[in-house]
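Chain and residue survey
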Amino acid sequence: MTSFQWQSLVPILPEITMAVGAMALLMVGVFRGDKSAQLLNILSIGLLLTVLGLILGITPFTLTTLNNALITDSFSQFGKAVIAVGLMAALLLSHRDLREGVMGRFEFPVLVLLSGIGMMLMVSANNFLSLYVALELQSFPLYVLAALRRDNAQSAEAGVKYFILGALSSGFLLFGISLLYGFAGTLDFSLLAGTLMQNGAVPGAVIGMVFVLTGLAFKISAVPFHMWTPDVYQGAPTIVTSLFAIVPKIAAILLFLRLLNGPFAPLTPDWIQIIIFLSIASMIWGALAGLVQQNIKRLLAYSSIGNMGYALLGVLAASPEGTASVLLYMTIYMIMTAGTFAIILSVTRHGEGVESLHGFAGLSKTSPAKAYALAALMFSMSGIPPLAGFFGKLFVFQSLLESGFYIVAVIGVVTSVVAAYYYLKIIKIMFFDEQQESFDDAPSSQARYFVAALSLAFVLFFIVNPNVLMATTRIAAQSLFG
Amino acid sequence: MLGFPLLSVLIFLPLIAALLIALLKGEHVAKHARAVALTASSIVLILSLYMLVHFVPSQPGFQFVERAEWFPALGIAYHLGVDGISLFFIVLSALLTPICILASWESITMRVREYMVAFLILESLMIGTFAALDAILFYVFFEAVLIPMFIIIGVWGGARRVYSAFKFFLYTLLGSVLMLLAVLYMISQAGTADIPTLMTTMFSPDVQIWLWLAFFASFAVKMPMWPVHTWLPDAHVEAPTAGSVILAGVLLKMGGYGFLRFSLPMLPDATEFFTPFIFALSVIAIIYTSLVALVQKDMKKLIAYSSVAHMGFVTLGIFTLNQQGIEGAIFQMISHGIISGALFLCVGVVYDRLHTRDLDRYGNLAVNMPVYAAVFMILMLGSVGLPGTSGFVGEFLSLLGAFQVNTVVATLAGLGVVLGAAYMLLLYRKIIFGPKVHDDAASLPDLTPREFALFLPLVILVIWLGIAPSYILDRVGPSVQNLLTHYHDKLSTDQSVDESTSP
């Protein structure tokens, strides 16, 4: 064993910075109390900006560190940058609510940061042990956040539900990992790939993989492991829901990509069937169950289930093109979701956020800008050109067809038409229905308008120059395939 | 050949105007919005006429071509151009938009700014659809049309507007996404989305069948062909007058244009295979929807069903796969665009006065509205296909083409002409001459100068194109000939390959 070298920590400098920063902020919060929640939020955004700078500053060579436990490559760099941006968006959306009241708690930004570290480590994981630790680090702050409104039964229920099902999925994951370890004698991704390559698809390894995928499917809420999503989305405070919707799934999908194209690549014929099932079931259930929802947060939960189905379609291709299409899809989806929540959070009545779908009736008359922005985002979500959401789907389907999954592609587009119905329903309510009760006049926070404006600009103008983002996703995907 | 990118200007000028209107503020927003919209769309019309004048009729290939890289990695480019097939659709879009804006001058009082924005966006998307020479670019324009149209029907429509807007949107979307898959498959095979290149790419006959069906799903809904036409009567009835005009005038033509641009040149074997199927659907559409039109009580619904019947002649003509048939189909589409657009305006005129489309409420309009009666008569006769009007040329050529291929089909379709005459004449007799049922209906004021100005260019075109169809046919002909030569070449090479491989 060679002596420890400090230089070997350079690749994970962003995470270290974030961890140290989060601890420092926690201390500030402990000593100054809840009054400092907004201050901490601003400092956290600053910290994330620094981290983003570090992520982008590190040269994108493939490097491993801490005895191969973590890997940094273009793929993880891309993932971390997107996660950092998503976390910033989530913090910006929350800023106003942290001012006072039940949500005015200094723990909020700190927990978000801690979870963020977990997500970043997840996309860097190169060994099942670091994967598991990162995943748990990501999950625990989220359980707490879901139950942040302790005085509210729904919020507490959401937290408990999320925790129990999350713990169950971790159990599956661990069980799967132990089977794989028992079979291969290693937890290292590349060594495992080598062993699997040599021995072929032996049942023990396949069962282990199935359990690992099950555990991860919980995290991205793919059907049939989606049950927690609608309840947690609805029960959690809206700012927390927006965090759930914007960031964690990116880390989990990226983990899918790294696992399936790395250690599990020799088992491709086996996992393809699982992914086909997960994606078809998610698309169909996400579309059908969304049709009858009356609560916008619940609706968006089903929408996210469906969207994970589309992201998994790109995973199916198991090619650099497919991976690039997933990265693009997830980035576009994250930006659309951030914009959507920015607008939903800014629509209030008697100081409370509007949650029922019909509560949005007549929004186009009182706040046309919000209504048009939300309409554009909804059209984009349903995949209508020329908006960004269309291109996300376009490239996923292209990679899918290139790999020859014709029937899956047909199912995918048909469910996208079904799902279009509920996105249109939101537009219909805002534009065609008459207003019942007036909305609050006071403008919402500038930060939310800022996020909404950025998101809208992206959705509208992605078509003008898509190549920068696309080239980045291609480079990132390429690094995964060496 | 021109110093500036004419097609891009045609596409983006309305968009810029729409942006300008969206940014308008102040008391007189509505007034200014109308003025800007009318000015912009008139400039587009003038530019499109300029394009028409500078179009070289004898050249069958694409003209005014523009090309810029867009997604170079995937072979998708911003590629525009016109040939004889698309030329007149662009002019038609540019002609109908200012007319629609003028037609809504007084009848739309609510959210005028948004209305004008929607129409200008619609215009740029329509022109883009016909000018696109890249399959993905085409799809983007083709599909994006749904957004403004959904809003137009849903916000400014009639009582059942929500139902109709959803039906319109979801029907067309379902068809289109299947087409998208076909386009993506073709791109993955050919390595490019360039339409002229795709036209020369060979696809194996088995694959063609599936691709053809996917395109058919989209174009048949858009056309609309029987039995997927049911969204059209709903959408027409609920849409505001100008929405119906654009819908009937231009949007329905996208289906026929798609068949000519994609199905025929790219998938000749499947086209050959499915021709009897299309003939059957066309004949059913012509006869069945004509019969349905006969019993309608709602004026807009009647004209909507007549549109389905007229589109039956178009599909019939396209799939005769001979010069007369296809020329007839294109002519019929242009003529139908003008006539049905104008007929919806006619309905709009009386609807604005009496706020009902119920046939039974009207009667004896000729007494008080002689000018209206005259205009309506010319349009009605055009729709019936009286020689001397543009409607005759299209139907005649389509039938002529059909007779060369299949006399039974042509005879049955000919029967449709008779039925067409029946329902249109009944409609006309009922509302213009029929007995005076209601005093208010019989005492409506005649056309205002603004309304007259709307009809004038359309009526002149109906007669002029009926007398001198060669203006259009001379420009359409070479492109159609090129299409057919290419079609038969590709078909025969495919067959020779089959023969050589089979023992």
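In this section: the overall build of chain B. Looking only at helices and strands, chain B features 22 helices and two strands. Computed over the C-alpha atoms, the radius of gyration of chain B is 22 Å, within 12% of the 23 Å expected from 2.2 N^0.38 for a compact globule of 503 residues. Taking the principal axes of its C-alpha atoms as reference, chain B extends roughly 80 × 55 × 40 Å. Within chain B, buried positions represent 65% of all 503 residues.

Attention now moves to the overall build of chain A. The helix and strand inventory of chain A stands at 20 helices and four strands. The C-alpha radius of gyration of chain A comes to 21 Å, within 12% of the 23 Å expected for a compact globule of 482 residues. Across chain A, every contact between residues at least 6 apart in sequence was considered, and the portion connecting residues at least 24 apart equals 80%. When the accessible area of chain A is evaluated, it comes to approximately 16600 Å², of which 68% is carbon and sulfur surface. Each charge sign in chain A was given a centre, from 22 positive and 21 negative side chains, and these centres are 3 Å apart.

Turning our eyes to something else, we now look at the pattern of salt bridges. All names here are of chain A. One pass over the full model with this rule turns up 17 salt bridges over all chains. With its nearest N and O atoms 3.6 Å apart, the salt bridge here joins R105 to E107. E107 gets classed as partly exposed once you look at its relative accessible area, which sits at 24%. One salt-bridge network, held together by shared partners, links E157, K161, D231 and R298.

This part covers helix α4 (residues 112-131) of chain B. For α4 of chain B, with 20 residues, the first-to-last C-alpha span of 29 Å sits near the 28 Å given by 1.5 Å per residue. The element α4 of chain B is extensively covered by neighbouring structure, given that 18 of its 20 residues are classed as buried.

Where empty space is left in the structure can be found by rolling a water-sized probe over the atoms. Taken as a whole, the largest pocket spans an internal volume of roughly 1800 Å³. Lining the largest pocket are 41 residues, with L460 of chain A together with L15, L19, V117 and I121 of chain B positioned closest to its centre. If you list the elements that add at least two residues to the lining of the largest pocket, you get α16 (368-381) and α19 (446-461) of chain A together with α1 (6-22), α4, α5 (135-144) and α6 (146-156) of chain B. Each residue belonging to the lining of the largest pocket can be placed in one class, and the counts come to 37 nonpolar, one polar and three charged.

Ranked by size, the top nonpolar core spans 390 residues in total, and within it F128 and F264 of chain A together with I136 of chain B carry the most contacts. The element best represented in this core is helix α15 (residues 323-354) of chain B, accounting for 17 residues. Not counting the four nearest positions on each side in its chain, I136 of chain B is found in contact with L394 of chain A together with W70, I76, L180, V183, L184, I187 and A193 of chain B. Counting residues in each nonpolar core, the second largest holds five residues, with V223, A281, A289 and I305 of chain A among its members.

With that settled, consider the interface of chain B and chain A. The interface is formed by 33 residues belonging to chain B together with 37 residues belonging to chain A. The junction of chain B with chain A conceals about 3200 Å² of combined surface from both sides, 82% of it contributed by carbon and sulfur atoms. Counting the surface chain B buries against chain A, the share from its top three residues, F71, R111 and L181 of chain B, is 17%. At the boundary of chain B and chain A, one finds four residue pairs in polar contact (both at pLDDT 80 or more).

Turning our attention to the packing of helix α17 (residues 388-402) of chain A against helix α7 (residues 161-190) of chain B. Relative to each other, α17 of chain A and α7 of chain B sit at 55 degrees, their axes nearing to 9 Å. Taken together, the axis directions place α17 of chain A and α7 of chain B in an arrangement best described as oblique. Here α17 of chain A and α7 of chain B pass one another in a crossing that is right-handed. Of α7 of chain B, the residues touching α17 of chain A (which contributes F390, L394, F397, Q398, L401 and E402 of chain A) are L180, L181, L184, Y185, I187 and S188 of chain B. Of the residues contributing to the contact of α17 of chain A with α7 of chain B, the split by class is nine nonpolar, two polar and one charged.

Turning next to the pairing of strand β2 (residues 76-82) of chain B. All names here are of chain B. Taken across its seven residues, β2 has seven buried, putting it largely inside the fold. With burial as the criterion, each face of β2 is covered, one bearing I76, Y78, L80 and V82 and the other bearing A77, H79 and G81. Bridge analysis of strand β1 (residues 63-71) against β2 gives six bridges, and the strand direction is antiparallel. Its bridge partner lying in β2, A68 is registered against Y78. Between the antiparallel neighbours β1 and β2 lie four residues, among them G75 with a positive phi of about 70 degrees.

Now for the packing of aromatic side chains. One pass over the structure, following the stated rule, counts 60 aromatic pairs over all chains. Taking 6.2 Å as the distance between ring centres and 40 degrees as the angle between the ring planes, the aromatic pair formed by F128 of chain A and F264 of chain A counts as tilted. Of this pair, F128 of chain A sits in helix α5 (residues 128-146) while F264 of chain A sits in the loop between α11 (248-261) and α12 (268-290), placing them 136 residues apart in sequence. Residue classification places F128 of chain A among the buried residues on the basis of a relative accessible area of 1%. A ring pair is formed by F218 of chain A and F225 of chain A, whose centres lie 5.2 Å apart and whose planes are at 40 degrees; its orientation type is tilted. On the basis of relative accessibility, which here comes to 7%, the residue F218 of chain A falls in the buried class. One Lys or Arg, K393 of chain A, reaches over the ring of Y310 of chain A and ends 4.8 Å from the middle of that ring. Positioned above the aromatic ring of Y471 of chain B, the side-chain terminus of R475 of chain B is 3.9 Å from the ring centre.

To continue, consider a nonpolar patch on the surface. Residues and elements named next belong to chain B. Taken together, the side chains of V371, F452, L456, I460 and W464 present a nonpolar region at the surface, about 430 Å² in accessible area. Sort the elements by how many residues they give to the nonpolar patch and helix α21 (residues 449-467) lands first, with four residues. Take W464: it is sitting in helix α21. The partly exposed category is assigned to W464, whose relative accessible area is 39%.

Looking now at helix α2 (residues 37-57) of chain A. Each α-helix turn comprises 3.6 residues. Residues three or four places apart therefore point the same way. Residue and element names in this part refer to chain A. Here α2 contains 21 residues, and its C-alpha end-to-end distance of 30 Å stays within 8% of the 30 Å for a straight helix at 1.5 Å per residue. Taken as a whole, α2 has its buried residues at A37, L40, N41, S44, I45, L47, L48, V51, L52 and I55. The buried residues of α2 occupy an angular sector of 165 degrees when the element is viewed end-on, so they sit on one face. Looking at α2, the residues exposed on the side facing more than 90 degrees away from the buried face are I42 and G57. In the core, the buried residues of α2 are packed alongside α1 (13-32), α3 (74-94) and α4 (107-124).

All names here are of chain A. Tracing the backbone shows T64 in strand β1 (residues 63-65). Residues T64 and L288 lie 224 residues apart in sequence; the distance between their C-alpha atoms is 44 Å. Look past the residues within four positions of T64 in its chain and what remains in contact with it is L70, I71 and N126.

We now examine the confidence of the model for chain B. Residue and element names in this part refer to chain B. Confidence along chain B averages 87 in pLDDT terms, with 97% of residues attaining 70 or more. pLDDT under 50 marks residues 498-503. Its contacts with residues more than four places away, or in other chains, come to one contact. Prediction confidence for the complex, expressed as pTM and ipTM, is 0.91 and 0.88 respectively.

Calculation criteria
- One numbering rule holds for all chains: residues counted from 1, following each sequence as written.
- The naming scheme follows written order: chains are lettered A onward, ligands numbered 1 onward.
- Totals for whole chains, interfaces and linings use all residues, but because this is a predicted model, local features are given only for residues with pLDDT of at least 70 and pairs of side-chain atoms are given and counted only at 80 or more.
- As a rule here, side-chain values cover all heavy atoms of the structure and leave hydrogens and water aside.
- A run of H or I in DSSP counts as a helix once it spans at least four residues, and a run of E counts as a strand once it spans at least two, with each numbered from the N terminus.
- Radius of gyration: C-alpha atoms only; globule rule: 2.2 Å multiplied by the number of residues to the exponent 0.38.
- Burial here depends on accessible area, computed with a 1.4 Å probe over protein chains only, as a share of the maximum for the residue type. Under 20% is buried, over 50% is exposed, and the range in between is partly exposed.
- Residue contacts are defined here by distance: any two heavy atoms, one from each residue, within 4.5 Å place the two residues in contact.
- Reported accessibility uses the Shrake-Rupley method at a 1.4 Å probe radius. Residues are deemed covered only where the shown protein chains occlude them.
- This count recognises Lys and Arg as positive and Asp and Glu as negative, with His and chain-terminal groups excluded.
- By convention, charge coordinates are those of NZ in Lys, CZ in Arg, CG in Asp, or CD in Glu.
- Just to be clear on terms, a salt bridge is a Lys or Arg side-chain nitrogen sitting within 4 Å of an Asp or Glu carboxyl oxygen.
- What a helix should span is 1.5 Å times the count of its residues minus one.
- Only protein atoms enter the 1 Å grid used here. Points where a 1.4 Å probe fits but cannot escape make up a cavity, open sets with protein on both sides within 12 Å along at least five of seven lines make up a pocket, and a residue lines them when an atom lies within 4 Å of a point.
- Grid points are joined across faces, edges and corners, and a volume is the space filled by probe spheres set on the points.
- Throughout this entry, Asp, Glu, Lys and Arg are counted as charged residues, while Ala, Val, Leu, Ile, Met, Phe, Trp, Tyr, Cys and Pro are counted as nonpolar. The remaining residues, Gly among them, count as polar.
- Residues belong to one nonpolar core when they are buried, are Ala, Val, Leu, Ile, Met, Phe, Trp, Tyr or Cys, and are joined through side-chain atoms within 4.5 Å.
- What gets called buried area is simply the loss in accessible area from a 1.4 Å probe that two parts show on being joined, summed for both.
- Between N or O atoms, a polar contact is any pair within 3.5 Å; within protein, one atom must be a potential hydrogen donor and the other a potential acceptor, and residues adjacent in sequence are included only when both atoms are from side chains.
- Comment: axis = line fitted to C-alpha atoms, over the contacting stretch for helices; angle = value between 0 and 180 degrees taken between N-to-C directions.
- When describing relative orientation, an angle under 35 degrees is termed roughly parallel and one over 145 degrees roughly antiparallel, while 65 to 115 degrees is termed roughly perpendicular and anything else oblique.
- Take the far helix as the reference: if the near one is turned anticlockwise from it by less than a right angle, the crossing is left-handed, and if turned clockwise, right-handed.
- Any two strands with at least two DSSP-identified bridges between them are counted as paired.
- The criterion for an aromatic pair is that two Phe, Tyr or Trp rings (for Trp, the six-membered ring) have centres within 6.5 Å, with stacked assigned to planes under 30 degrees apart, edge-to-face to planes over 60 apart and tilted to the rest.
- Only lysine NZ and arginine CZ atoms are considered, and such an atom sits over a ring when it is within 6 Å of the ring centre and within 35 degrees of the ring normal.
- Surface patches are defined over residues having more than 30% relative accessible area and no salt bridge, joining like charges when they lie within 9 Å and nonpolar side chains (Val, Leu, Ile, Met, Phe, Trp, Tyr) when within 5 Å.
- By arc we mean the arc of the directions from the helix axis to the C-beta atoms, nothing more.
- The score called pLDDT rates the predictor's confidence residue by residue, from a low of 0 to a high of 100.

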